[in-house]
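The residues making up each chain are set out below.
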Amino acid sequence: MIKSTPQNSAPKKGIEVICGSMFSGKTKLLIEKIKHFKDNNYRVMVFKPEIDIRYGNKKIVSHDNKEISAIPIKNSQDIITTSKSSNIIAIDEAQFFDEDIIKVCKSLSKEKLIIIAGLDMDFLGDGFGPMPSLINIANKITRLHAICDICSGKAYHTYRKSSDNNQILLGEKENYLALCKKCFNKNMTRNV
Ligand code: ZN
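What comes next is a walk through the structure. (Residues numbered from 1 in each chain as written. Predicted model: local features only at pLDDT ≥ 70, side-chain atom pairs only at ≥ 80, totals over all residues. Heavy atoms only, no water.)

Moving on: the coordination of the zinc ion. Protein coordination at the zinc ion comes from C148 (SG), C151 (SG), C180 (SG) and C183 (SG), with a distance range of 2.3 to 2.4 Å. Its 4 donor atoms give the zinc ion angles of 100 to 118° at the centre, a pattern that matches the tetrahedral case. Positions of the donor residues of the zinc ion along the chain correspond to the pattern C-x2-C-x28-C-x2-C. Note that C151 is positioned in the loop between β9 (146–147) and β10 (154–155) and C183 in helix α5 (residues 181–191), a separation of 32 residues in sequence. Note on C151: relative accessible area 43%, which makes it partly exposed. A residue is classified by how much of its surface remains accessible, and C183, at 8% relative accessible area, is buried. (Donors = N, O, S within 2.8 Å, 3.2 Å for Na, K, Ca; no water. Tetrahedral: all angles 85-135°; square planar, octahedral: opposite > 155°, others 65-115°. Helix = DSSP H or I, 4+ residues; strand = E, 2+ residues; numbered from the N terminus. Buried < 20%, exposed > 50% of the residue type's maximum accessible area, 1.4 Å probe, protein only.)

Structural data, given as structure tokens:
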């Protein structure tokens, strides 16, 4: 967790990544951090990929129904032009952005704090979009886990219940489970 920042002190810089499986509380933690910085008078701008319209277009919502307004972005370059007046940039569902987001975050982090939340692994257990690279360049990484839907262990994997093979399939509990490594591997073998 970021220590509480006194009012009027110089803004932090760098890249912070919050990653983990679905249902691990990434968006919840992101929203808490955004609220904390806003309360301390930082100018925070929140972005999300245009593709993620599960909860309406102009906000991000956590699984415990906390929400905050966000700007939907199609190309990651648009973050640079849109965020000029901010000290802190928050990005949710970063796995859905194009690879350019790595350069964008690197460049913006010289002046601002960038807090990125996203799935580090896709439903096959492989790196998801730009997330592995963002984790590599991060100054701080928080890896969250959910509770395994089968054995109640620590779940770092997102398991897809359907046989849809597209990397991107938006959904919630009807499509996905959070599983620990052991249960994930067991179920993946069963499906091959
Ligand atoms: Zn398990």
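So, on to the nonpolar core. What tends to happen in soluble globular proteins is that the nonpolar side chains get buried as a cluster. Residues V17, I79, I91, I116 and L134 are the most contacted members of the largest nonpolar core, which totals 22 residues. Where this core is concerned, the elements lending two or more residues are β1 (14–20), β2 (44–49), β6 (88–91), α3 (100–108), β7 (113–119) and α4 (131–137). Ranked by residue count, the leading element in this core is α3, at 5 residues. (Core = buried A, V, L, I, M, F, W, Y, C linked by side-chain atoms within 4.5 Å.)

This part covers the side chain of N187. For N187, the location among the structural elements is in helix α5. Here the side chain of N187 touches C183 through a polar contact of 2.8 Å, landing on its backbone oxygen. Residues within four places of N187 in sequence aside, it is in contact with I150, Y159 and L179. (Polar contact = N/O pair within 3.5 Å; in protein donor to acceptor, adjacent residues only side chain to side chain. Contact = heavy atoms within 4.5 Å.)

Taken as a whole, this structure holds 7 salt bridges when the rule is applied. One salt bridge in this structure joins K66 and D64, with 3.6 Å as the shortest N-O distance. A residue is classified by how much of its surface remains accessible, and D64, at 33% relative accessible area, is partly exposed. Of the charged contacts, one joins K103 and D100 as a salt bridge, the two residues approaching to 3.8 Å between their closest N and O atoms. Placement of the pair is K103 and D100 together in helix α3, with a separation of 3 residues, close to one helical turn. A single salt-bridge network, built from bridges that share partners, covers E16, K33 and K140. (Salt bridge = Lys/Arg side-chain N within 4 Å of Asp/Glu carboxyl O.)

Whenever strands of a sheet pair, they do so through backbone hydrogen bonds, lying parallel or antiparallel. Ordered by their spatial adjacency, 6 strands build an open sheet running β5-β2-β6-β7-β1-β8, and the pairing between neighbours is parallel. Two strands lie at the open edges of the sheet, namely β5 (71–73) and β8 (140–144), each paired on one side alone. Strand after strand, the sheet turns through a mean of 20° between neighbouring axes, direction not considered. (Pairing = 2+ DSSP bridges. Axes fitted to C-alpha atoms, helices over the stretch in contact; angles between N-to-C directions.)

For the rest of this paragraph, the subject is helix α1 (residues 26–39). Along its 14 residues, α1 runs 20 Å from first to last C-alpha, staying within 8% of the 20 Å computed at 1.5 Å per residue. When α1 is considered as a whole, its buried residues turn out to be K26, T27, L29, L30, I31, K33, I34 and F37. Directly beyond the C-terminal end of α1, a positive phi value near 70° is found at N41. (Expected span 1.5 Å × (residues − 1).)

Per the stated rule, a full pass over the model turns up 3 aromatic pairs. On the numbers, 5.8 Å between centres and 85° between planes, the contact of F96 with F128 is edge-to-face. With a gap of 32 residues between them, F96 in the loop between β6 and α3 and F128 in the loop between β7 and α4 connect regions that are remote in the sequence. For the pair F96 and F128, a shared accessibility class is recorded, and that class is buried. Look at Y159 and F184: their rings are 6.4 Å apart centre to centre, the planes differ by 85°, and that puts the pair in the edge-to-face class. Of this pair, Y159 sits in strand β11 (residues 157–160) while F184 sits in helix α5, placing them 25 residues apart in sequence. What makes Y159 buried here is its relative accessible area of 8%. Over the face of the ring belonging to F123 we find R160, whose NZ or CZ atom lies 3.7 Å from the ring centre. (Phe/Tyr/Trp six-rings, centres within 6.5 Å; stacked < 30°, edge-to-face > 60°. Lys NZ or Arg CZ within 6 Å of the ring centre and 35° of its normal.)

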